[in-house]
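# Results of the structural survey
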Amino acid sequence: MNSFLELCRSRRSYRKYTSEPVDKSQLDSILQCALMSPSGKRLNPWEFFVCTRQEHIRPLAACRSMGTTMLQTAPVAIAVALDSSLSDTWQADGAIAAHNLLLAAADEGLGGCWCHIYNREQAEQQVRDTFHIPQNLNVLCLITIGHKAEERQLYDLQKLNYDKLHYID
Ligand SMILES: Cc1cc2nc3c(=O)[nH]c(=O)nc-3n(C[C@H](O)[C@H](O)[C@H](O)COP(=O)(O)O)c2cc1C
């Protein structure tokens, strides 16, 4: 990838993947990026549960009534789980780590998507049971990663919502 700007332009949510597995070396470097995420007071309250077993991932598509299509084809699902007793910034810490996973996947030319789990119906307990995640950890999201099986447009710099920027004199 040429620049961080281009990486941000190309990072989109990909919810359909081919059956090609993700190389272990690619997955390892994506996970290293998560482990380098910043966190409040450097408390690193996150744990990452990495699953490449289709028989575990596919049934999780039913963990919520909507918003889970990426789990129907993903070859990799990573649960980002955090101990809220360790840090009052755990949700921010988890979101940054999850986003590092997504950016790293995009940088590898792979597709990824965030599937929200925390506070979503029965989803958290189902993911916890499937991945054997201890009860003291909150499951924030599943990050799916795989080879893209759909086209998405790059972000157009001309069409960004510049109204969101507020310059203070
Ligand atoms: C906190 C958060 C939760 C999300 N939850 C879901 C989800 O449960 N299911 C889903 O399909 N996409 C989910 N997404 C992806 C968003 O829908 C997506 O990022 C947004 O529509 C912008 O599209 P883009 O990622 O292609 O730029 C989530 C994204 C974030 C940041």
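Refer to the structure above for everything that follows.
Throughout what follows, the structure given in this document is the object of discussion.

Of all the residues in helix 5 (residues 123-131), the buried ones are Ala 123, Glu 124 and Val 127. Along the axis of helix 5, the buried residues cluster in a sector spanning 95°; they form a single face. Where helix 5 ends, the next residue or the one after it, His 132, has phi of about 55°, a positive value.

A few words on the nonpolar core. By size, the foremost hydrophobic cluster in this structure holds 40 residues, and its most contacted members are Val 80, Leu 101, Leu 142 and Ile 143. Contributing elements (two or more residues each) for this core: helix 2 (24-35), strand 2 (76-82), helix 4 (90-107), strand 3 (111-116), helix 5 and strand 4 (138-146). Considering every element that reaches this core, the biggest residue donor is helix 4, with eight residues. Among residues more than four places away in sequence, those in contact with Ile 143 are Ile 78, Val 80, Ala 98, Leu 101, Leu 102, Gly 112 and Trp 114.

Looking now at the sheet that holds strand 1 (residues 46-51). Taken in spatial order, the four strands line up as 1-2-4-3 in an open sheet, and their pairing is antiparallel. In this open sheet, the two strands that pair with only one neighbour each are strand 1 and strand 3. Averaged over all pairs of adjacent strands, the angle between strand axes in this sheet comes to 20°, irrespective of strand direction. One ladder, built from six bridges, connects strand 3 with strand 4; its direction is antiparallel.

On to the site of the ligand, then. Surrounding the ligand, one finds Arg 12, Ser 13, Arg 15, Gly 67, Cys 113, Trp 114, Cys 115 and His 116. Looking at side-chain class alone, the shell around the ligand contains three nonpolar, three polar and two charged residues.

Take Val 80: it is sitting in strand 2. You can call Val 80 buried: it has 28 C-beta atoms within 10 Å. Along the primary structure Val 80 and Val 50 are separated by 30 residues, whereas in three dimensions their C-alpha atoms are 9.0 Å apart. Among residues more than four places away in sequence, those in contact with Val 80 are Trp 46, Phe 48, Gly 94, Ala 97, Ala 98, Leu 140, Cys 141 and Ile 143.

Here the focus is the environment of Pro 21. By the secondary structure assignment, Pro 21 is in the loop between helix 1 (4-10) and helix 2. Residues Pro 21 and Arg 42 lie 21 residues apart in sequence; the distance between their C-alpha atoms is 33 Å.

Side chains that are three or four residues apart share a direction in an α-helix, a result of its 3.6 residues per turn. Given a rise of 1.5 Å per residue, 18 residues ought to cover 26 Å, and the 25 Å separating the end C-alpha atoms of helix 4 matches this to within 8%. If you check which residues of helix 4 are buried, you get Trp 90, Asp 93, Gly 94, Ala 97, Ala 98, Asn 100, Leu 101, Leu 102, Ala 104, Ala 105 and Ala 106. On the buried face of helix 4, the contacting elements are helix 1, helix 2, strand 1, strand 2, strand 3 and strand 4. Once helix 4 ends, the next one or two residues include Gly 109, with phi positive near 80°.

Rules behind the numbers
- Residues numbered from 1 in each chain as written.
- Predicted model: local features only at pLDDT ≥ 70, side-chain atom pairs only at ≥ 80, totals over all residues.
- Buried ≥ 20, exposed ≤ 12 C-beta atoms within 10 Å, placed from the backbone.
- Helix = DSSP H or I, 4+ residues; strand = E, 2+ residues; numbered from the N terminus.
- Arc of directions from axis to C-beta.
- Core = buried A, V, L, I, M, F, W, Y, C linked by C-beta atoms within 7 Å.
- Contact = placed C-beta atoms within 7 Å.
- Pairing = 2+ DSSP bridges.
- Axes fitted to C-alpha atoms, helices over the stretch in contact; angles between N-to-C directions.
- Near = placed C-beta within 6 Å.
- Nonpolar A, V, L, I, M, F, W, Y, C, P; charged D, E, K, R; others polar.
- Expected span 1.5 Å × (residues − 1).

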